[in-house]
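Summary of the model geometry
The primary structure of each chain is shown beneath.
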Amino acid sequence: MTEFLQLLISGLMEGGLYALLAASIVLVYKSTQVASLAHGQILAFGAIFLYIFLATLHLPLVIALILAFAATALMGLLIERTTLRPLIGQPLFSSFLVTFAVFMLFDGIFQLIVKGGTLTIPHFLPAGTLHAGALMVPAGQLCSFIAALILFGILGLMFRYTKVGLGLRASAENHQLARSTGISVKQIFSIIWVISALVACVAGIATANVTDIYYTLPQMGIKGLIVALFGGLESIPGALIGGIILGILENLSAGYLDPVVGGGLKEVAAYIMLLLILLIKPYGLFGLVRIERI
Amino acid sequence: MRPCGIFDERYTQDMAILRTKQHWALLVGALILLYLFPLFGSYYLVSFLNNLFITIIVVLGLQIVSGYCGQISFGQPAFMAVGGYASAILTLKAGVSFWLALPLSGLIAGVFGIIGGAPSLRIKGFYLAIATIAIHFVTMWLILHLKITGATQGLNPMPPEIFGFPLDTDERMYYLIATVMLIMTFGARNLVRSKVGRAFVAIRDNDLAAEVMGMNLYHYKLLAFFISCFFAGIAGSLYGHLIMVVHPEQYTLTHALWYVGMIIIGGMGSIPGTFFGVIFVRVLDELVLFASPFLSEAFPWLGASPAAALGLSAFGLVLIVFLVFEPRGLAHRWEIFKASYRLYPFAY
Amino acid sequence: MKRKGWVLLFGVMMLALASGPASVYAAEKTAAFLDLTDMTGAIAGLAGQASRITKATFDYFNERGGIDGVKIKYIGVDTRYDVARALSAYKRYRRTPRLLLANTIGTGLGKAIYPLILRDKIINYTPGDGEFQARLGRTFIYSTPYQDGFSAALDWMKEDWQKKGNSGAPIVGFTSWDNPYGREPFRGGKEYAAKIGVKLLDPELFPVGSLKHDVWLNRLAAKGANYIYVCGVDPTPTNVIRDAYALGLTKKIQFVTDYWGPDRAVGVKAHAEALEGSVVVSCFSRGTDTLNHPIMTKIWKKYMKTPVNEMRGSASIGFSWAMHFIEGLRIALKDVGYEKLNGEAMYQAFMKLKGHNVTQGATGICDYSPSSRRMSRYVKFYRIQGAELVPITDWRLAPDAVSLHKF
């Protein structure tokens, strides 16, 4: 029982981070219909920026955080302006492929920076381990998880109660109609990329706080995409639930099935789950079923 | 490539791939050059061409399923692995001759491709693309954990023999690989202008419309996956016997990204485009390899000759440029060139 | 104009491609060392720097007139831990005049390149697979085999266990990458554990590049492991121990890593607190020992242009690659002369290295001989104390575990 609960907790903590990344992908998809792999790199660079400002330039924490957020937002904006905006009007699939290209471009740069080592962001969240009976919860991980939940709350509120949120929701429904009510859809695209980059940046910092900046960090992007597909590409609650389910499933399969099949199941579990869900519910748990016309 | 003033008078003329005497002369010349190349080309160029030809076979398969049928697949390296392992197991454990194992490995990979292509029945677009990524990882995990594949040890297939004469060097394998590549190209070129090829294009352009017209969508989608994986399997088998090893670490997802990039750069839905794309990307990668020592000397913070990372970045950049400025790829340039050649000396 | 541009671009590219390999011929006497290394991938943290110091060592000797007048040409290729890339790079350079040795970092790559090396009759360095010791081919292990190192660690664990006042033998867990390298220590190590009566738990293998390792650590802890042997190239072992520290396991369990373990300038720099007290069993000098090595520090200061303090433990790996090559070359030149110098001569020369103190303390006494492909049979134990690796033993002979396993 203890083992099961321990796996559940580990899964929950990891799942929260997946969910946050998935949320940033869902944000972009909701309003621009582009599923982005580039967010894996935005996440990684969010962590790198913080590392640069905090560890190499030795700026105070608050300034470093603000600068890292600004730099990541700029990066999101640049990606949108240079690669995705010229593709408006082209088939959506080109936009998807261009995010792959962006991923590769930044992956090369990322590898040059990390050079196979790890970069450790100086700890600014509490360290240590919390014990509840026989269960162990690393405090840093718990902080990251709580930060993820808070951000989810903020996103929900923003969508519901602000004017920008209203515009975002309107353009998500229908570009033409949104335009006719005086909303600049192009501007909305930029805003959404900035917001989504910020969310990815928080996810990156939260992840790097637990796992450091390791050379496979950008590959979280694929995980994020899987979670987004799993929960449904249009649904932010879907991202949260999908992320947590994935985190728990990964840990449970590694915990109980690894000894049976000989290891390595943690990574594969996500993909098997994805294949199953795509066969049963192609648009994810909470996704909109698209009706196509000829 | 038809000069100005030549017109078709019969259907057979219109359908011919080679239309003029110049065509035939060019083809024969190119073939002679191709087959005599190992006699004067350096060893390095021969082995480079071997890799290039194998890549062309894989990417031709990808071109059929993605460029013609519109089902983007990132599973090509996994199916290459299936082909390579099938061939290695058949020759090593079942004692089958290489010449039988080669087509068989293609077929086996093709059958796996039908299984792998099954999600395409329900999903398309990037849903399918992500599903094929999932298939890649599941396949590679299986290979790493099965006994028959040698698990982490891999297998060592022997070089093929022809009448007791072993094809054990790159120069000797070159003839085999070049021949297979030509046959596959010929097959692909003819396939895409047959009924099947037209059905693929119809599905790519609008699958619902194609279905309404009475096409069996599932049949053609699975057929496209079968054919593409057949190509991958053949290439995997050739590659395994060329380097005499099949190992789980040879087939990574990065390769799948490169293959998809190649058809984008070359031009989706074009057989010559496949060639352009593969050659362009491979040459680019080689150039980066040459340039990286100088770059790392000029910019010490890059570290020592970081060719792989720079190659990745260069490739990503080129891909972005092509997607944004020339989405139809190099094949489109080639068409423009052909059209202007046909009209010469007139402007239009 | 546009079309011309395209044609011109293509022409230039082809020209550059064709002229590249032709320009490698040089007038002076050279012998070539091909380094298929990883500068930006999974093992770049250690391998990358090892390669750089190899090059620096060659530069150092070349500037002093080479080895009996023969200069060493270092060819480094970044393969990013990709077997296919490395193989095509090998093919591209294999006809380099007087290519004597290809250094392949990566167990999978070592296996893949084995047939090619036999065919080309050159020699090959590979990390630590006992398999090559068993096969006695042209592949030379540049360390003690992984299983020998693991067995030496098992010996140490048993000793340490009894020293702490416990009776019997400890329970040992093993966790590593799920790839060929990760499984190697077990082939032979398992047999040795049975021989000395140490209870070895089932290995916990995790995918290369995993970000978190809680599941596997928790399971080992639940099974009652007293010691955990962690494999993987730094920063992987650091990451594993970091997770164990976060779970509070380092207090109860002693962590031991192999020679790719936490390095003073990679993992230890990042997580000194978590790593405190962990033990590294290494066939290369690490930590403070590297900082005191006379030649290595000299080479470092001159060619790497960074403070000696940033020297990684893997510097001694790179230094040892270079020094064994140089020593082998010297013997080969004495035996056959420059004109007949080839891979075969180098192979014969390498088998005469047994007993030489090639690296002057960066590694143990050399063991290459007709019946041995082990670089050395000696290992040294280091403990991480105050962000530095401090030796806790002298060089000691590792048990022969390779012969216990049937390959």
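Residues numbered from 1 in each chain as written. Chains lettered and ligands numbered in written order. Predicted model: local features only at pLDDT ≥ 70, side-chain atom pairs only at ≥ 80, totals over all residues.

**Quick notes on the overall build of chain C**
Convention followed: Here a strand is any run of E in DSSP of at least two residues, a helix any run of H or I of at least four, and the numbering for each starts at the N terminus. Put simply, the radius of gyration uses C-alpha atoms, and a globule should come to 2.2 Å times the residue count raised to 0.38. Residue burial here comes from a neighbour count, namely the number of other C-beta atoms, placed from the backbone, that lie within 10 Å of the residue's own C-beta, with 20 or more meaning buried, 12 or fewer meaning exposed, and in between meaning partly exposed. Residues are defined as contacting one another if the C-beta atoms placed from their backbone atoms lie within 7 Å.
A count of helices and strands for chain C gives 15 helices and 14 strands. Against the 2.2 N^0.38 benchmark of 22 Å for 407 residues, chain C shows a C-alpha radius of gyration of 22 Å, consistent with a compact globule. Principal axes of the C-alpha set define a box for chain C whose edges measure 75 × 60 × 45 Å. Going through the 407 residues of chain C one by one, you find that 61% of them count as buried. A separation of at least 24 residues holds for 68% of the contacts in chain C among residues at least 6 apart in sequence.

**Considering the packing of helix H9 (residues 220–231) of chain A against helix H6 (residues 125–145) of chain B**
Defined as follows: Helix axes are fitted to C-alpha atoms over the stretch in contact, other axes to C-alpha atoms as well, and angles between N-to-C directions run from 0 to 180 degrees. Working definition: roughly parallel below 35 degrees, roughly antiparallel above 145 degrees, roughly perpendicular at 65 to 115 degrees, and oblique for all remaining angles. Should the near helix be turned anticlockwise from the far one by less than a right angle, the crossing is termed left-handed; should it be turned clockwise, right-handed. Residues are grouped as follows: Ala, Val, Leu, Ile, Met, Phe, Trp, Tyr, Cys and Pro are nonpolar; Asp, Glu, Lys and Arg are charged; all remaining types, including Gly, are polar.
Relative to each other, H9 of chain A and H6 of chain B sit at 125°, their axes nearing to 11 Å. Our classification of the angle between H9 of chain A and H6 of chain B gives oblique. Once H9 of chain A is placed against H6 of chain B, the crossing between them reads as left-handed. Here Ile222, Leu225, Ile226 and Leu229 of chain A of H9 of chain A come into contact with H6 of chain B, specifically with Tyr127, Ile130 and Ile133 of chain B. Classifying every residue of the contact of H9 of chain A with H6 of chain B by side-chain character gives seven nonpolar, no polar and no charged.

**A closer look at the pairing of strand S3 (residues 99–104) of chain C**
Residue and element names in this part refer to chain C. Definition in use: Pairing between strands is defined by DSSP: at least two bridges between the two strands are required.
Most of S3 is tucked away, with six of its six residues classed as buried. In the sheet, strand S1 (residues 30–37) pairs with S3 via five bridges, with the strands oriented parallel. Across the sheet, the residue bridging to Leu36 is Thr104, located in S3. In the sheet, S3 pairs with strand S4 (residues 123–126) via three bridges, with the strands oriented parallel.

**Re helix H10 (residues 236–246) of chain C**
An α-helical turn contains 3.6 residues, so any two residues separated by three or four positions project in the same direction. For H10 of chain C, the buried fraction is high: eleven of the eleven residues fall into the buried class. Among the residues making up H10 of chain C, those that are buried are Thr236, Pro237, Thr238, Asn239, Val240, Ile241, Arg242, Asp243, Ala244, Tyr245 and Ala246 of chain C.

**Quick look at the interface of chain A and chain C**
Contacts between chain A and chain C engage 29 residues on the former and 30 residues on the latter. Listing elements by their share of the side of chain A that touches chain C, those giving two or more residues are helix H1 (2–32), helix H4 (92–114), strand S2 (135–138), helix H10 (236–261) and helix H11 (265–280) of chain A. Of all the elements, H1 of chain A adds the most residues to the side of chain A that touches chain C, at five residues. Grouping the amino acids of the side of chain A that touches chain C by side-chain chemistry returns eight nonpolar, 15 polar and six charged.

**Observations concerning the interface of chain B and chain A**
Taken together, the contact between chain B and chain A spans 36 residues of the former and 39 residues of the latter. For the side of chain B that touches chain A, the secondary structure elements donating two or more residues are H6, helix H9 (207–212), helix H11 (253–266) and helix H13 (307–325) of chain B. Ranked by residues supplied to the side of chain B that touches chain A, first place goes to H6 of chain B with twelve residues.

**Thoughts on unusual backbone geometry**
The backbone of His58 of chain A shows a phi angle near 55°, a positive value even though the residue is not glycine. Classification of His58 of chain A by C-beta neighbours within 10 Å gives exposed; the count is 9. Its identity as a non-glycine residue notwithstanding, Arg98 of chain C has a phi of 55°, on the positive side.

**A closer look at the domain arrangement of chain C**
All names here are of chain C. To be explicit about the condition: Boundaries between domains were set according to an automatic or database domain assignment.
Each assigned domain of chain C is listed here: domain 1 (28–144 + 292–376) and domain 2 (146–282 + 383–404). On a C-alpha basis, the centres of domain 1 and domain 2 stand 27 Å from each other. Contacts between domain 1 and domain 2 engage 20 residues on the former and 25 residues on the latter. Going through the elements one at a time, helix H2 (44–63), helix H4 (107–120) and helix H5 (130–135) are the ones with two or more residues in the side of domain 1 that touches domain 2. Within the side of domain 1 that touches domain 2, the residues separate by chemical class into five nonpolar, eleven polar and four charged.

**Structural notes on helix H2 (residues 21–40) of chain B**
Residues and elements named next belong to chain B. We count it as follows: One less than the number of residues in a helix, times 1.5 Å, gives the span that helix is expected to have. The quantity called bend is, for any residue, the angle between two axes fitted respectively to the seven residues ending at it and the seven beginning at it.
Here H2 contains 20 residues, and its C-alpha end-to-end distance of 28 Å stays within 8% of the 28 Å for a straight helix at 1.5 Å per residue. At Leu34, H2 is bent by approximately 35°, the largest bend along its length, and proline Pro38 sits one to four residues beyond. Sparse coverage of H2 is indicated by the burial of one of its 20 residues.

**Comments concerning the confidence of the model for chain C**
Residue and element names in this part refer to chain C. Test applied: Confidence of the predictor at the level of single residues is given by pLDDT, which spans 0 to 100.
Within chain C, residue pLDDT values average 83, and 92% of them lie at 70 or more. Confidence drops under pLDDT 50 across residues 18–26; counting only partners more than four residues distant or on other chains, this segment forms five contacts. At the level of chain-chain contacts, confidence expressed as ipTM amounts to 0.86, with global pTM at 0.86.

**Focus: the nonpolar core**
We apply this condition: Note on terminology: a nonpolar core is a set of buried residues of type Ala, Val, Leu, Ile, Met, Phe, Trp, Tyr or Cys, with members joined through C-beta atoms within 7 Å.
Core analysis: the largest hydrophobic core is formed by 337 residues, its most contacted members being Leu20, Ala23 and Leu274 of chain A together with Ile57 and Ile130 of chain B. Excluding residues within four positions of it along the chain, Ile130 of chain B makes contact with Leu225, Ile226, Leu229 and Leu274 of chain A.

**Considering the domain arrangement of chain B**
Residue and element names in this part refer to chain B. Assigned domains within chain B: domain 1 (50–251) and domain 2 (253–348). If you average the C-alpha positions of domain 1 and of domain 2, the two centres end up 23 Å apart. With 23 residues of domain 1 in contact, the opposing surface of domain 2 contributes 17 residues. At the level of secondary structure, the elements contributing two or more residues to the side of domain 1 that touches domain 2 comprise helix H3 (43–68), helix H4 (76–92), H6 and helix H7 (170–191). Looking at which element gives the most residues to the side of domain 1 that touches domain 2, the answer is H3, with eleven residues. Partitioned by chemical class, the residues of the side of domain 1 that touches domain 2 number 14 nonpolar, eight polar and one charged.

**A few points about the sheet that holds strand S5 (residues 139–141) of chain C**
All names here are of chain C. Ordered in space as S2-S1-S3-S4-S5, the five strands form an open sheet in which the pairing is parallel. At either end of the open sheet lies a strand with only one pairing partner, and these are strand S2 (71–78) and S5. Direction aside, the axes of adjacent strands within the sheet are offset by 20° on average. Strands S1, S3, S4 and S5 of the sheet are contacted by H4, whose axis makes an angle of about 160° with S3.

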